[in-house]
Amino acid sequence: MTVIDRLMEEKDEEYKEFQAKLVPNISPDLIIGVRTPEMRRIAKEVFASDEMDSFLKELPHKYYEENLVHFFILAMIKDFDTCVNLVEEFLPYVDCWPVSDQATPKSFKKNHDRLLPYIKKWIASDHVYTARFGMRMLMNEYLGEDFKKEYLNLVASKKGDDYYLKMMVAWYFATALAKQYDEAVKYIEERRLDEWVHKKAIQKAVESYRVTDEHKEYLKSLR
């Protein structure tokens, strides 16, 4: 049974309509309508089968859910070199924010020094979802113990008119305001972000339970 066969068995028309609204840049004809737990189950089945290598080579995929299953599989690969090379092969085919945002490879967490050059390259990419993925990896992996203040500028300097690109910059800074406030707030105080991103970052920070009430009040004054 192929991946598409497995996905078609889990098709849910009502959920398809819901997904189509979330990803308006994807044709509804390319959305099957499969819930995330089922896609993760299918990914685990494929990962443990002889089918995995051939599926990963079948690029580009036709369906939205195939791309999600693809990334879920990559996230399970333990060897860093294998994983990051397959991620690099796949990123040019990522065509919407849910695929870009869903999976975080487990092998990345223990290889921050080796991962960082890839992240810098991804953020510099002209491909919106490659850049978005790079920023999300920087947000997920480098706002804790491995944080360096220059990482903020990697994101702040990323310019572009695409909504999903700008939203990722705002999301990154809202998260940075929760985790690395003293350095991140300087970008807000000095208005170093594009105006739309500036306001959206403040909005998302104010809505976050991880930002203190004191910081929220101050951020509101900087809108």
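Everything below is about the structure shown above.
Rules of the game
Residues numbered from 1 in each chain as written. Predicted model: local features only at pLDDT ≥ 70, side-chain atom pairs only at ≥ 80, totals over all residues. Heavy atoms only, no water. Core = buried A, V, L, I, M, F, W, Y, C linked by side-chain atoms within 4.5 Å. Buried < 20%, exposed > 50% of the residue type's maximum accessible area, 1.4 Å probe, protein only. Contact = heavy atoms within 4.5 Å. Patch = residues over 30% accessible without salt bridge, like charges linked within 9 Å, V, L, I, M, F, W, Y side chains within 5 Å. Areas by Shrake-Rupley, 256 points an atom, 1.4 Å probe, with all protein chains shown as cover. Salt bridge = Lys/Arg side-chain N within 4 Å of Asp/Glu carboxyl O. Lys, Arg positive; Asp, Glu negative; His and termini not counted. Charge placed at Lys NZ, Arg CZ, Asp CG, Glu CD. Helix = DSSP H or I, 4+ residues; strand = E, 2+ residues; numbered from the N terminus. Axes fitted to C-alpha atoms, helices over the stretch in contact; angles between N-to-C directions. Parallel < 35°, antiparallel > 145°, perpendicular 65-115°, else oblique. Left-handed = near helix turned anticlockwise from the far one by under 90°. Nonpolar A, V, L, I, M, F, W, Y, C, P; charged D, E, K, R; others polar.

Let us look at the nonpolar core. In this structure, Phe-71, Phe-108, Trp-122, Tyr-172 and Phe-173 are the most contacted members of the largest nonpolar core, which totals 81 residues. In contact with Tyr-172, not counting residues within four places along its chain, are Met-135, Leu-138, Met-139, Leu-143, Tyr-151, Leu-152 and Val-155.

This paragraph deals with a positive patch on the surface. A cluster of like positive charges, contributed by Arg-40, Lys-44, Lys-78, Lys-106 and Lys-110, occupies part of the molecular surface. As for its placement among the helices and strands, Lys-106 is situated in the loop between helix H7 (97-102) and helix H8 (112-124).

Turning our attention to the side chain of Lys-16. Within the fold, Lys-16 resides in helix H2 (residues 13-22). As a buried residue without a salt bridge, Lys-16 has its nearest oppositely charged side chain in Glu-13, at a separation of 4.7 Å. Residues in contact with Lys-16, not counting those within four places in the same chain, are Pro-28, Ile-31, Ile-32 and Gly-33.

This part is about the side chain of Glu-65. Assignment of secondary structure puts Glu-65 in helix H5 (residues 64-76). The side chain of Glu-65 sits in the buried core without any salt bridge; Lys-16 is the nearest counter-charge, 8.2 Å away. Non-local contacts of Glu-65, meaning those with residues more than four positions away in its chain, are made with Leu-7, Leu-30, Ile-31, Ile-32, Gly-33, Val-34 and Met-39.

What follows concerns the packing of helix H11 (residues 163-179) against helix H12 (residues 181-189). At a minimum axis separation of 6 Å, H11 and H12 run at an interaxial angle of 135 degrees. Judged on the interaxial angle alone, H12 and H11 are oblique. The crossing of H11 and H12 is left-handed. Each of Phe-173, Ala-176, Leu-177 and Lys-179 in H11 lies in contact with H12, whose residues at this interface are Tyr-181, Ala-184, Val-185, Tyr-187 and Ile-188. For the contact of H11 with H12, the class distribution of residues is 8 nonpolar, no polar and 1 charged.

Our next topic: the packing of H11 against helix H13 (residues 195-207). Packing of H11 against H13 leaves a shortest axis separation of 8 Å and a crossing angle of 45 degrees. Of the possible angle classes, the one that applies to H11 and H13 is oblique. Read as a crossing pair, H11 and H13 show a hand that is right-handed. Here Tyr-163, Lys-166, Met-167, Val-169, Ala-170, Trp-171, Phe-173, Ala-174 and Leu-177 of H11 come into contact with H13, specifically with Trp-196, Val-197, Lys-200, Ala-201, Lys-204 and Ala-205.

Attention shifts here to the pattern of salt bridges. Inspection of every chain in the model, using the stated rule, returns 18 salt bridges. Salt-bridge contacts for Asp-194 lead to Lys-159; the nearest nitrogen and oxygen are separated by 3.3 Å. Residue Asp-194 is located in the loop between H12 and H13, and its partner Lys-159 is located in the loop between helix H10 (150-156) and H11; the two are separated by 35 residues in the primary sequence. Assessed through its relative accessible area of 35%, Asp-194 is described here as partly exposed. With a shortest N-O distance of 3.8 Å, Glu-195 and Lys-199 are connected by a salt bridge.

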